[in-house]
Amino acid sequence: MDVTINESWKPHLKEEFEKSYFKNLVGFVKEEYKNYKCYPPGKEIFNAFNYCSFQDVKVVIMGQDPYHGPGQANGLSFSVKDGITHPPSLINIFKEIESDTGVTYPKSGDLSRWAKQGILLLNATLSVRAHQAGSHQKRGWEQFTDAIIKIISKEKENVIFLLWGGYAKQKQKLINLSRHNVLTSGHPSPLSANRGYWFGNKHFSKTNDLLVRLNYAPIKW
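All of the points below concern the structure found in this document.

Quick notes on the rules
Residues numbered from 1 in each chain as written. Predicted model: local features only at pLDDT ≥ 70, side-chain atom pairs only at ≥ 80, totals over all residues. Heavy atoms only, no water. Helix = DSSP H or I, 4+ residues; strand = E, 2+ residues; numbered from the N terminus. Rg over C-alpha atoms; globule rule 2.2 N^0.38 Å. Buried < 20%, exposed > 50% of the residue type's maximum accessible area, 1.4 Å probe, protein only. Contact = heavy atoms within 4.5 Å. Areas by Shrake-Rupley, 256 points an atom, 1.4 Å probe, with all protein chains shown as cover. Lys, Arg positive; Asp, Glu negative; His and termini not counted. Charge placed at Lys NZ, Arg CZ, Asp CG, Glu CD. Polar contact = N/O pair within 3.5 Å; in protein donor to acceptor, adjacent residues only side chain to side chain. Pairing = 2+ DSSP bridges. Axes fitted to C-alpha atoms, helices over the stretch in contact; angles between N-to-C directions. Core = buried A, V, L, I, M, F, W, Y, C linked by side-chain atoms within 4.5 Å.

### A look at the overall build of the protein
(1) Moving on: Scanning the protein from N- to C-terminus turns up 9 helices and 6 strands.
(2) Moving on: Its C-alpha atoms give the protein a radius of gyration of 17 Å, near enough to 17 Å, the size a compact globule of 221 residues would have.
(3) Moving on: Referenced to the eigenvectors of the C-alpha coordinate spread, the extents of the protein come out at roughly 45 × 35 × 25 Å.
(4) Moving on: Considering the protein as a whole, with its 221 residues, one finds that 53% of them fall into the buried category.
(5) Moving on: Pairs at least 24 apart in sequence give 65% of the contacts found in the protein among residues at least 6 apart.
(6) Moving on: Per element, the accessible surface of the protein, about 10,300 Å² overall, is 49% carbon and sulfur.
(7) Moving on: Taking the average place of the 29 positive charges on the side chains of the protein and the average place of its 20 negative ones, the gap between the two points comes to 3 Å.

### Some words on the side chain of Asp146
(1) Moving on: Among the structural elements, Asp146 can be located in helix α6 (residues 141-155).
(2) Moving on: Separated by 2.7 Å, the side chains of Asp146 and Lys171 make a polar contact.
(3) Moving on: Excluding anything up to four places from it in sequence, Asp146 contacts Lys171 and Leu174.

### Some words on unusual backbone geometry
(1) Moving on: Note the cis peptide between Tyr39 and Pro40, where omega equals -10°.
(2) Moving on: A positive phi angle, close to 65°, is found at His131, a residue other than glycine.
(3) Moving on: Position of His131 relative to the elements: it lies in the loop between β4 (128-129) and α6.
(4) Moving on: Residue Lys138 is not a glycine yet carries a positive backbone phi of 60°.
(5) Moving on: Within the element layout of this structure, Lys138 appears in the loop between β4 and α6.
(6) Moving on: On the basis of relative accessibility, which here comes to 72%, the residue Lys138 falls in the exposed class.

### Observations regarding the environment of Trp141
(1) Moving on: Inspection of the secondary structure assignment puts Trp141 in helix α6.
(2) Moving on: Overall, Trp141 belongs to the buried group, its relative accessible area being 0%.
(3) Moving on: Along the backbone, Trp141 and Glu31 are 110 residues apart, and their C-alpha atoms lie at a distance of 15 Å.

### Describing the pairing of strand β2 (residues 59-63)
(1) Moving on: Among the 5 residues in β2, 5 count as buried, and that is most of the element.
(2) Moving on: The alternating pattern of β2 places Val59, Ile61 and Gly63 on one face and Val60 and Met62 on the opposite face, and all of these are buried.
(3) Moving on: Sheet analysis places β2 next to strand β3 (residues 119-123), joined by 5 bridges and oriented parallel. Along β3, the bridge assignment pairs Met62 with Leu122.

### Things to note about the side chain of Arg129
(1) Moving on: Among the structural elements, Arg129 can be located in strand β4.
(2) Moving on: A distance of 2.9 Å separates polar atoms of two side chains, one belonging to Arg129 and the other to Glu32.
(3) Moving on: Among all residues touching Arg129, those that are not within four sequence positions of it are Glu32, Tyr36, Lys37, Cys38, His68, Ser135 and His136.

### A few points about the sheet that holds β2
(1) Moving on: The strand order β3-β2-β5-β6 describes an open sheet built from 4 strands, whose pairing is parallel. Each of the sheet's edge strands pairs with one partner strand only, and the pair in question is β3 and β6 (181-185). When the angles between neighbouring strand axes are averaged without regard to direction, this sheet yields 20°.

### Considerations on the nonpolar core
Burial of nonpolar side chains together is a common tendency in soluble globular proteins.
(1) Moving on: Judged by nonpolar contacts, the single largest core of 65 residues is most densely connected at Trp9, Phe49, Trp114, Leu120, Phe144 and Ile152.
(2) Moving on: Leave out the neighbours within four places in its chain, and Trp114 touches Ile61, Ile93, Phe94, Ile97, Ile119, Leu121, Phe204, Lys220 and Trp221.

### Examining the environment of Ser79
(1) Moving on: Relative to the helices and strands, Ser79 is located in the loop between β2 and α4 (88-101).
(2) Moving on: Here the alpha-carbon distance between Ser79 and Leu121, two residues 42 residues apart in the chain, equals 8.4 Å.
(3) Moving on: Ignoring anything within four residues of it in the chain, the contact list for Ser79 reads Tyr67, Gln72, Asn74, Gly109, Asp110, Leu111 and Ser112.
(4) Moving on: Of the polar contacts made by the side chain of Ser79, one reaches the side chain of Asn74; its length is 3.0 Å.

Right under this line is the structure:
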């Protein structure tokens, strides 16, 4: 696993890369990719950072684990590669965008178009063994991605964090709420959405309203 990450992040993460937990994590991930089929492809593990430089981050969308089916994960939370069937959570995200903003449901589930507009699509865990959800949890990824949130909270201002579901909401404690905006709701998964905890949250129009107020360009969802 090569730590190929956008240059803009390196000064902020240098200390993290040198910690023993991260070195152990790299060793674990290398062994997993050598011995098992894992996702996303190794060169795409840090795509969230490679598509969205540190200085461009204006929104963070927090996911939990990469998709573990063939060809799905592309290193961006909730995103899948072009031509891949949209997973249920992504379907519900696009449905909410359509009802909230009027943007037509898209053909492509590749959210790199969002990342390029300043959205950090960050999973708590950045790799997974094929067909084994959560298989790379509690190996150091969460410590690393928690550090990312803390660094953004400390070193930037007026970032909008979208925290969906109980797991993501726990990250709120890492964020300085006097410097940043946090929007929370239920998770877009069918289990949560069908109980009424997702649809109607209007997070996409609310995010754009906040961005315009902060003199940032709104997101083209």
